[in-house]
Amino acid sequence: MSAHPQGLLAQCLRRLKTYLGRHGRPDTSIVRSAAISAQEPAPQTLSRIEENQSGLPVHPAPQPLYVPPPGCPPLGRDNEALRSRYLAFIDHAQAQHPQSLSKSYSAQGRELARALHSKALDLSYAKGTDGSLDIYWLMQCAALVSLFADGAGSEAFIRYSRDVHAYKHNTLTSSQVESFDFYVRVFTP
C-alpha cells in the first residue's frame with residue numbers, strides 16, 4: 001500500500017491540528033524566546049581551512065637555541081682567575097651573539113685566549129703536569145674565546161682548535177672534543 005506524498009502531507013497536517021486543538025495553543029514564551037534568539041547574530045561560520053586548523057595544537061614560536069659552552073672544570077687555585085675571566089667572557093659573548101663584539105671586548109678576548117693558551121703550554125712543559133687534563137681544558141677555553149673574539153675563520157681560532165683536536169683520540173677527552181665541535185657549529189654563521 002503506497003501512499004501519495006501529498007496525501008501523507010495532508011494527513012500529517014490534520015494530525016497536527018488535532019494535537020494542537022487538544023492541548024491548546026502553543027506556549028507563547030517558547031515562541032518569544034525563539035524570536036529573540038533569531039534576532040541575535042548567528043555565530044560566524046568558520047571556513048573549511050579555519051575549521052581544520054582549529055583542532056591543531058598551538059605551539060610557541062621557536063626560540064633561539066641555547067647551547068651551554070662545553071664544560072670547564074675548576075683548574076686549581078692558580079688558574080681560577082683565568083677560568084673566571086673565561087666564563088665571564090663566554091657569557092657576555094653568547095648574550096651578544098649573533099652580533100659581533102665591540103673592538104675593545106674583542107681585544108680583551110684575544111688577550112684572554114693568549115693567556116689561556118700560554119698557561120696550557122706552561123703546564124705541558126712542566127714536569128709533573130705534562131700529562132694533566134687541565135692542559136686540554138685551557139686549550140679548549142682559549143679556542144672558544146678566540147671563536148668569539150676573532151671569528152671561526154681566523155688564523156688564531158684555527159690554530160687553537162687544532163690544539164683541541166689533538167685530543168680527539170684520547171679516551172678521556174674524545175666526547176668533549178665532539179661537544180666542542182658541536183658548540184662551534186652552532187655559533188658559526
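Residues numbered from 1 in each chain as written. Predicted model: local features only at pLDDT ≥ 70, side-chain atom pairs only at ≥ 80, totals over all residues. Heavy atoms only, no water.

**Student:** I'm lost on the overall build of the protein chain in this one. Help?
**Tutor:** For the protein chain, the helix and strand inventory stands at eight helices and zero strands. Out of the 189 residues belonging to the protein chain, those deemed buried represent 28%. (Helix = DSSP H or I, 4+ residues; strand = E, 2+ residues; numbered from the N terminus. Buried < 20%, exposed > 50% of the residue type's maximum accessible area, 1.4 Å probe, protein only.)

**Student:** Which parts of the structure should I look at to understand the nonpolar core?
**Tutor:** Nonpolar side chains in soluble globular proteins generally cluster together in the buried interior. Judged by nonpolar contacts, the single largest core of 37 residues is most densely connected at Tyr 86, Phe 89, Ile 90, Leu 116, Val 145, Phe 148 and Phe 180. Breaking this core down by element, the ones donating at least two residues are α4 (80-96), α5 (103-125), α6 (133-149), α7 (155-165) and α8 (174-186). A per-element tally of this core places α6 first, with 13 residues. Look past the residues within four positions of Phe 89 in its chain and what remains in contact with it is Leu 101, Tyr 105, Gly 109, Leu 112, Val 145, Phe 148 and Ala 149. (Core = buried A, V, L, I, M, F, W, Y, C linked by side-chain atoms within 4.5 Å. Contact = heavy atoms within 4.5 Å.)

**Student:** In this structure, what is going on with the packing of α6 against α8? I would like to understand it.
**Tutor:** Packed helices, taken two at a time, are described by their axes: the angle between them and the distance between them. Look at α6 against α8: their axes get within 11 Å of each other, and the N-to-C directions meet at 5°. Taken together, the axis directions place α6 and α8 in an arrangement best described as roughly parallel. Between α6 and α8, the residues in contact are Tyr 136, Trp 137, Gln 140, Ala 143, Leu 144, Leu 147 and Phe 148 and Gln 176, Val 177, Phe 180, Tyr 183 and Val 184, respectively. Tallied by class, the residues present in the contact of α6 with α8 amount to ten nonpolar, two polar and no charged. (Axes fitted to C-alpha atoms, helices over the stretch in contact; angles between N-to-C directions. Parallel < 35°, antiparallel > 145°, perpendicular 65-115°, else oblique. Nonpolar A, V, L, I, M, F, W, Y, C, P; charged D, E, K, R; others polar.)

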